[in-house]
Amino acid sequence: MRIGIGLPNQVRDVHAPVIPAWARRAEEAGFATLGTTGRVAYPSVMDTVALAAAAGATSTIGLLSQVLLATTWPGTLLAKEAASIDGVSGGRLTLGIGVGIREDDFVVPGHGPRDRGARMDRDLATYRSIWAGEPVPGSPNPAVPAGGRQVPLLFGAATPAAYRRMAESSDGYIAGSVPAALASGAFDAARAAWQAAGRPGQPRLVGLNYFALGDPDRGRANIADYYAATGEFQDIVVGNVHTDAESLRDAVKQFEALGADELILGPGTDDLDEISRLADIVL
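Residues numbered from 1 in each chain as written. Predicted model: local features only at pLDDT ≥ 70, side-chain atom pairs only at ≥ 80, totals over all residues. Heavy atoms only, no water.

- An unreviewed UniProt entry lists the protein chain under the name MmcJ protein, from Actinoalloteichus fjordicus.

Here it is, written out as structure tokens:
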């Protein structure tokens, strides 16, 4: 199982220049992937910008959005953004997407929270068309340079529609930031949907957890703030923040036992020393 680390782009009032430095240190430490968490109505760094900055600061580490709120974007624009990040990184992006749950993140006229599931279904076809180099509707020109690829897709959320989209249109599934015991059911549902769709092999399965080692109280407070509008889910996430070596090593073992392909550990603060603290424990 690969071990990744999140970028601190979601930390409230993150010191933005830390993003490329964080990416470089994470690659040097040996993490497999850099992940981003994204919202619009929050004082953070946009996930696409954080991923682009990380791409420019590194050369080998994988890049993953976990998850990007796809339905807050016009489909063609997001497809071009993703293809551009994938291109400048040399093909290192995996686009993890979801439909979003917080109404204040939907700021683009015509792209509100209503009917976002149906819009996602339409946008998936748009992504594939743009990434295939087909012309932008209404133009003779494609949106992306020749020689690109279909960007790998993962889906988050735990609804029947999300599992269906995952199985029909993506490479795998991202569980929420929950303990392995709760992620287990989501992984089983993803595998079942994959099989029902007649897909060969198994879906790529990614787990997410948070950690806060240097300043656990501040880390938990930041994570609680980010999930403030999510009701009971906030309690689950905050209660599962890892603050010591034993807890982190146990989480790694549990996700390995579930058959996860990767576990991404997200930071509660933007303290650069958190990278080496975490690496010393899990790598």
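Now that the structure is up, let's keep going.
**Focus: the overall build of the protein chain**
Here comes step 1: Tallying secondary structure elements over the protein chain gives 10 helices and 9 strands in all.
Here comes step 2: Its C-alpha atoms give the protein chain a radius of gyration of 18 Å, near enough to 19 Å, the size a compact globule of 283 residues would have.
Here comes step 3: Viewed in the frame of its principal axes, the protein chain has a C-alpha envelope of about 55 × 40 × 35 Å.
Here comes step 4: When burial is assessed residue by residue, the protein chain has 51% of its 283 residues classed as buried.
Here comes step 5: Taking the contacts inside the protein chain whose residues are at least 6 apart along the sequence as the reference set, 74% of them involve residues at least 24 apart.
Here comes step 6: Put simply, the protein chain shows about 11700 Å² of open surface, and 52% of that area lies on carbon and sulfur atoms.
Here comes step 7: Put simply, the protein chain has 24 plus and 32 minus side-chain charges, and the middle of one group is 5 Å from the middle of the other. (Helix = DSSP H or I, 4+ residues; strand = E, 2+ residues; numbered from the N terminus. Rg over C-alpha atoms; globule rule 2.2 N^0.38 Å. Buried < 20%, exposed > 50% of the residue type's maximum accessible area, 1.4 Å probe, protein only. Contact = heavy atoms within 4.5 Å. Areas by Shrake-Rupley, 256 points an atom, 1.4 Å probe, with all protein chains shown as cover. Lys, Arg positive; Asp, Glu negative; His and termini not counted. Charge placed at Lys NZ, Arg CZ, Asp CG, Glu CD.)

**Comments concerning the UniProt feature "domain: Luciferase-like" (unreviewed entry) in the protein chain**
Here comes step 1: Following the UniProt record, the feature "domain: Luciferase-like" (unreviewed entry) maps to residues 19-234 here.
Here comes step 2: Counted over residues 19-234, helix gives 43% and strand 14%. Its end C-alpha atoms are 25 Å apart. (UniProt positions renumbered as here; feature names shortened; annotations may be inferred.)

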